[in-house]
Amino acid sequence: MTFFVIILKILQGFGAYFLNDGLEFMHLLRDKYPYAPYSAAGRKVGERFEGVLSSCSMLLPLINPVLELTDLYRQGEANVLTDSILVRLALLPYQAYVHAGALMYHRIWRELRALCALGSGKGKEEALNPLEYGAYYDPMLLIAQQLQDEDKCLELTQPGWRPWEKNEKLAVWYEKSASALAHNASGVSLGLRDAVMNKHLDPSKRKDWTAFKPYVVTMLKLFGEGLEASLRHSCAEFLTEEEGMYTDGKIEDWQRAIAVFCSAHNNLAESPFAVAKTFLIRFPSLAQSRAAGMTCAVMNRTFAEDGAVSKAAPRLEAALATLTKISGRDMVNRKKAQEAALGLHKKNELAGKAEKRKEHARLALQRMQTANVRDETKLVSSVRELKDELESKDSSIGSQVAFLKLQVQARVHHPSRHTGLVYQLADRYLAQNKKIRVSSPDGTSV
């Protein structure tokens, strides 16, 4: 998870993190990768168990752009975050992890996530009760076992593969998912999302598929082992193989009748924290007390059509509507000002980074030229040679010092060229001749 947190902190979309490089990454995608689908992902409010998998889904089509950007950063100052991304993401095992996670998300977790969200949106579909939701644990166990089978795990790469039978309550979601479009970083449509992603989800199209295949199979196997262990540990009561008490044939009628009134999630307990955090993220200067009040209003449906405001006296309703309109306008203006300031900061930051890279390139060239000079330097091996070289440069103290520096640097940076006479030569020469005196800026002599 830490690996993806590092990537998302650096590459997440504009404004997600104040010190990120998302804007530069977006420019790279727009200029060189117009065919790559782009979608923001990361640690969103309310997103936990599938956070890593959704990050894999976002990152899979962008592996090459990320490698190019982090390679570009090597021209600038050393950075532990970007350097660690380049070193790890260039390795096949890490790319296989990303590929396996993207497969798991698109083939299984997207639909599972939609099942969990039933009843929480504006639609009229009812949420699954605990027994209905528990019926999916057996298919999940079969999937976990299939992932551990080296001969069957790659069936997930086929576009027509399904984890279980379609649920009629998700009819609207299936329709929207089938018609959803994929877009590049410029917002241009690339076609149907499923068709675009299926091209990236098929690892056999890689040029290095022969070397890449063992890593993908291993990662899918590890996912399967973890999923099976989790199901047997936490959901054994719903598994047929474990002879659970809530499997078909063991559930009594009274239990089915009560399950209709039970919830399979804890959204009512978690939602207030998520709503409050969303307010504080969107409006950083908002006081916590006001965020708490706004959260209570949202959770209690105070301003909904059938809420407390609609039932208030006409004059109170008009006053509340006016205040809400003013507050909303102020928030919009404040947000626009923040985005403008952030955009100016990012523009200046990009220009500064370009100048730094030019300076680092100049210094790197200078170091390379100095190294070449050191490699070509002829090492003196006797006091006689050292004295002759210095006497030939007697007219210039600077040239004598430069000569001595090259003699020392050539030995220090290339130990294999060390003759064993570095210190002996210096001691013998100083014993027989006067010192070379060089004046420093403060007037002292060395």
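What you are looking at is a predicted structure, and each value in this text was computed from that prediction instead of being measured.

The rules behind the values
- Residues numbered from 1 in each chain as written.
- Predicted model: local features only at pLDDT ≥ 70, side-chain atom pairs only at ≥ 80, totals over all residues.
- Heavy atoms only, no water.
- Helix = DSSP H or I, 4+ residues; strand = E, 2+ residues; numbered from the N terminus.
- Buried < 20%, exposed > 50% of the residue type's maximum accessible area, 1.4 Å probe, protein only.
- Contact = heavy atoms within 4.5 Å.
- pLDDT = per-residue confidence, 0-100.
- Phe/Tyr/Trp six-rings, centres within 6.5 Å; stacked < 30°, edge-to-face > 60°.
- Lys NZ or Arg CZ within 6 Å of the ring centre and 35° of its normal.
- Pairing = 2+ DSSP bridges.
- Salt bridge = Lys/Arg side-chain N within 4 Å of Asp/Glu carboxyl O.
- Lys, Arg positive; Asp, Glu negative; His and termini not counted.
- Axes fitted to C-alpha atoms, helices over the stretch in contact; angles between N-to-C directions.
- Parallel < 35°, antiparallel > 145°, perpendicular 65-115°, else oblique.
- Left-handed = near helix turned anticlockwise from the far one by under 90°.
- Nonpolar A, V, L, I, M, F, W, Y, C, P; charged D, E, K, R; others polar.
- Core = buried A, V, L, I, M, F, W, Y, C linked by side-chain atoms within 4.5 Å.

> Help me understand the overall build of the chain, please; the structure alone is not making it clear to me.
When helices and strands are counted, the chain shows 18 helices and two strands. For the chain, with 446 residues in total, the buried portion stands at 34%. The long-range fraction of contacts in the chain, counting pairs at least 24 apart against all pairs at least 6 apart in sequence, stands at 67%.

> Could you clarify how one ought to interpret the environment of Tyr38 in this entry?
Residue placement: Tyr38 occurs in the loop between α2 (22-32) and α3 (51-59). According to the relative accessible area criterion, Tyr38 is buried, its value standing at 15%. Sequence separation between Tyr38 and His183 is 145 residues; the distance between their C-alpha atoms is 6.2 Å.

> It is not clear to me how the confidence of the model for the chain should be interpreted in this structure. Could you clarify?
Parts of the prediction with low pLDDT should not have their coordinates interpreted in detail. On average, the chain scores 75 in pLDDT, and the residues at 70 or more come to 68%. Low pLDDT, under 50, characterises residues 13-19; the predicted model gives this stretch 16 contacts beyond four residues in sequence or across chains. Confidence over residues 415-423 falls short of pLDDT 50; this stretch has nine contacts with residues more than four positions distant or in other chains.

> Help me out: how do you make sense of the packing of aromatic side chains in this one?
Pairs of aromatic rings are described using the distance from one ring centre to the other and the angle between the two planes. Scanning the entire structure with this criterion turns up six aromatic pairs. Ring geometry for Trp173 against Tyr174: centres 5.5 Å apart, planes inclined by 70°, an arrangement best described as edge-to-face. Look at Trp173 and you get partly exposed, because its relative accessible area is 26%. On the basis of relative accessible area, Tyr174 is assigned to the buried category, the value being 14%. Following the ring pairs from residue to residue traces out a cluster consisting of Tyr133, Tyr137, Phe238 and Tyr246. In this structure, Lys166 is placed above the aromatic ring of Tyr174, and the distance from its NZ or CZ to the ring centre is 5.1 Å. Taking the ring centre of Phe212 as reference, the NZ or CZ of Arg206 above it sits at 3.8 Å.

> Where do I start with the pairing of strand β2 (residues 189-192) in this structure?
Along a regular strand, successive side chains alternate from one face of the sheet to the other. Here three bridges tie strand β1 (residues 181-183) to β2, and the two strands are oriented antiparallel to one another. The residue bridging Ala182 from the neighbouring strand is Gly191, located in β2. What sits between β1 and β2 in their antiparallel hairpin is a turn of five residues, with Gly187 showing a positive phi close to 85°.

> Looking at this model, I keep getting lost on the pattern of salt bridges. Mind explaining?
Once the charged atoms of two side chains with opposite charge are near each other, the side chains can pair. One pass over the full model with this rule turns up seven salt bridges. In this structure, Lys32 engages Glu68 in a salt bridge whose closest nitrogen and oxygen atoms are separated by 2.7 Å. Linking Lys32 in helix α2 with Glu68 in helix α4 (residues 63-73), this pair joins segments that are 36 residues apart in sequence. Each member of the salt-bridge network shares a partner with another, and the members are Glu228, Arg232, Glu241 and Glu242.

> Got a minute to help me understand helix α10 (residues 193-201) in this structure?
The α-helix winds at 3.6 residues per turn, so residues separated by three or four positions along the chain end up facing the same way. Within the sequence span of α10, burial applies to Val196, Met197, Asn198 and Leu201. Those residues of α10 that are buried are in contact with α3, α6 (92-116), β1 and β2.

> Hey, could you run me through the side chain of Arg110 in this one?
The topology assignment puts Arg110 in helix α6. Buried charged residue Arg110 carries no salt bridge. Nearest counter-charge: Asp194, at 4.0 Å. Ignoring sequence-local partners within four residues, the contact set of Arg110 consists of Tyr105, Trp173, Ser177, Arg193 and Asp194.

> Sorry, what's going on with the packing of α4 against helix α5 (residues 80-89) here?
Two quantities define a packed helix pair, namely the angle between the axes and the distance from one axis to the other. In the contact formed by α4 and α5, the axes pass within 9 Å of each other and the chain directions differ by 135°. If you check the angle between α4 and α5, you find them oblique. In the packing of α4 onto α5, the handedness of the crossing is left-handed. Packed against α4, whose contacting residues are Ile63, Val66, Leu67, Thr70, Asp71 and Tyr73, the element α5 presents Thr82, Ile85, Leu86 and Leu89 at the interface. Along the lines of polarity and charge, the residues of the contact of α4 with α5 split into seven nonpolar, two polar and one charged.

> Would you mind going over the nonpolar core with me for this structure?
General note: in soluble globular proteins, nonpolar side chains tend to be found buried as a group. Core analysis: the biggest nonpolar cluster contains 42 residues, and Met104, Ile108, Trp109, Leu115, Met140, Trp164 and Leu231 have the highest contact counts within it. Looking at this core, the elements that each hand over two or more residues are α6, α7 (130-134), α8 (137-147) and α11 (209-234). Discounting chain neighbours no more than four positions away, the residues touching Ile108 are Leu103, Met140, Ile143, Leu156, Trp161, Pro163 and Trp164. Counting 27 residues, the second largest nonpolar core, distinct from the first, contains Phe25, Leu59, Tyr73 and Ala185.

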